[in-house]
Amino acid sequence: MAPLRVGLVGLGEVAQSIHLPVLADQRDRWVIAGVYDVSPSLVALITSEYAARAFDTAEALINSPDIDVVFVLSSDDTHSRFVRAAMQADKHILLEKPACLTVREIDELLALMPAYRKTLFVGYMRRYAPAYLAAQDELPDHADITHVRIFDLISEGRHFLKKSQNILYPNDIDRALLARGARERDALIREVVGTDAPADLVRAYRGLTALSSHHISAMRGLIGEPVGVVAAHRTNGGANTSVTFDYGHFACLYDAVVDDLGLFDAMIEVRSNTRRVRIIYDTPYIRSLPTRLEVSEASPFGPVTKSLGPLYGDAFSNELEIFHRHIIEGTKPLTDLADSRRDLALMAAIIERMKESGGDA
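What comes next is a walk through the structure. Computed from a predicted structure; not experimentally measured. (Residues numbered from 1 in each chain as written. Predicted model: local features only at pLDDT ≥ 70, side-chain atom pairs only at ≥ 80, totals over all residues. Heavy atoms only, no water.)

### Some points on the packing of helix α9 (residues 199-209) against helix α10 (residues 211-223)
A pair of packed helices is captured by two measures, namely the crossing angle of their axes and the spacing between those axes.
Step number 1: At a closest axis distance of 3 Å, the pairing of α9 and α10 adopts a crossing angle of 50 degrees. Taken together, the axes of α9 and α10 lie oblique to each other. Packed against α9, whose contacting residues are Gly 207, Leu 208 and Thr 209, the element α10 presents Leu 211, Ser 212, Ser 213 and Ile 216 at the interface.
Step number 2: Counted by class, the contact of α9 with α10 contains three nonpolar, four polar and no charged residues. (Axes fitted to C-alpha atoms, helices over the stretch in contact; angles between N-to-C directions. Helix = DSSP H or I, 4+ residues; strand = E, 2+ residues; numbered from the N terminus. Parallel < 35°, antiparallel > 145°, perpendicular 65-115°, else oblique. Contact = heavy atoms within 4.5 Å. Nonpolar A, V, L, I, M, F, W, Y, C, P; charged D, E, K, R; others polar.)

Encoded structure:
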């Protein structure tokens, strides 16, 4: 069949470093047909590099008969609006995480699902990394799990991109538009954290919906739904968070630390009394850096560890291949809107626990 015609709404960091190159690589599946961004310089750059049509508005792109699939890669506060428009225009949708900033927005979109006949896929790429997929066959039985540990001890993507790619960070976006977007984003966040929430709690929620959303989604995909949130705390002005999830007969501990050291250290570890399964991630901003899977088991001679990897399959490439398969076969993605709602509900529960524990602001 002919490649599907993709229109991208938002041409920022993740579009330039990941989605556009992957789409170009998978030229048998996709063609980059249209782009829109609020930055004229970004539009000029991308149309010169990929020969795509520039649209004057996001709505014009979404409603164009020349677009089959809409990639919503814009700022989080715009997701609900653009997804709604794309659903009503009967387009397939790839939605970058987080799907939305509030459960309310998700519920409003879910109300449209009965009339929507296309594929909506939320981009939680860590769930499509080769080591993560391989780990599902190596896990101990759920009843045998005794402990789970997850952490993100990382620096922001720009630490890696500035040393490896020529990303354009535009300075020609209308200031009034930026200010309006900031107000709308803040209003959505405060629906969850509260109107008078301190700055560190606001930052903590932004971290949960950004970095932490990947591992919260991956946790649920790997070991199922937690009973609830036992404890949650934030430090370092809300940049660092520690959360304990209740799984009944075991706890899952999650730590997120964001600093300027320029290192990336992310891992999921699942233990039973006789087995440890560990998924190790590197930064996704450098394409095809390997993931690794380590499986250790008790033996009469001491622990025996087997390593799978380095696994060079790119999580974003896997993600788009699987998205394409869902479109062609008409099947339901694991990472859809209903799945994302569970992530946001957990994040709201984390915030409530953080309110109880206080912060350092």
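### Thoughts on the pattern of salt bridges
Step number 1: All chains considered together, the criterion is met by 32 salt bridges.
Step number 2: With a shortest N-O distance of 2.9 Å, Asp 68 and Arg 5 are connected by a salt bridge. Taken together, the residues Asp 68 in the loop between α3 (58-63) and β4 (69-72) and Arg 5 in strand β1 (residues 4-9) connect sequence positions 63 residues apart.
Step number 3: Residue Asp 68 is classed as partly exposed on the basis of its relative accessible area, which comes to 22%.
Step number 4: Between Arg 220 and Asp 339 there is a salt bridge whose closest N-O contact spans 2.7 Å. Here the residue Arg 220 occupies a position in helix α10, and Asp 339 occupies one in helix α12 (residues 337-357), the gap between them amounting to 119 residues. Of the two residues, Arg 220 and Asp 339, neither departs from the other in class, the shared state being buried.
Step number 5: Through salt bridges with shared partners, one network takes in Arg 127, Arg 220, Glu 225, Asp 339, Arg 342 and Asp 343. (Salt bridge = Lys/Arg side-chain N within 4 Å of Asp/Glu carboxyl O. Buried < 20%, exposed > 50% of the residue type's maximum accessible area, 1.4 Å probe, protein only.)

### What about the sheet that holds β4?
Step number 1: With respect to topology, six strands assemble into an open sheet ordered β3-β2-β1-β4-β5-β6, the strand pairing being parallel. Of all strands in the sheet, those with a lone pairing partner are β3 (53-54) and β6 (120-123), marking the two edges.
Step number 2: Where β1 meets strand β2 (residues 30-36), six bridges bridge the pair, whose relative direction is parallel. Bridged to Leu 8 within β2 is Val 35. (Pairing = 2+ DSSP bridges.)

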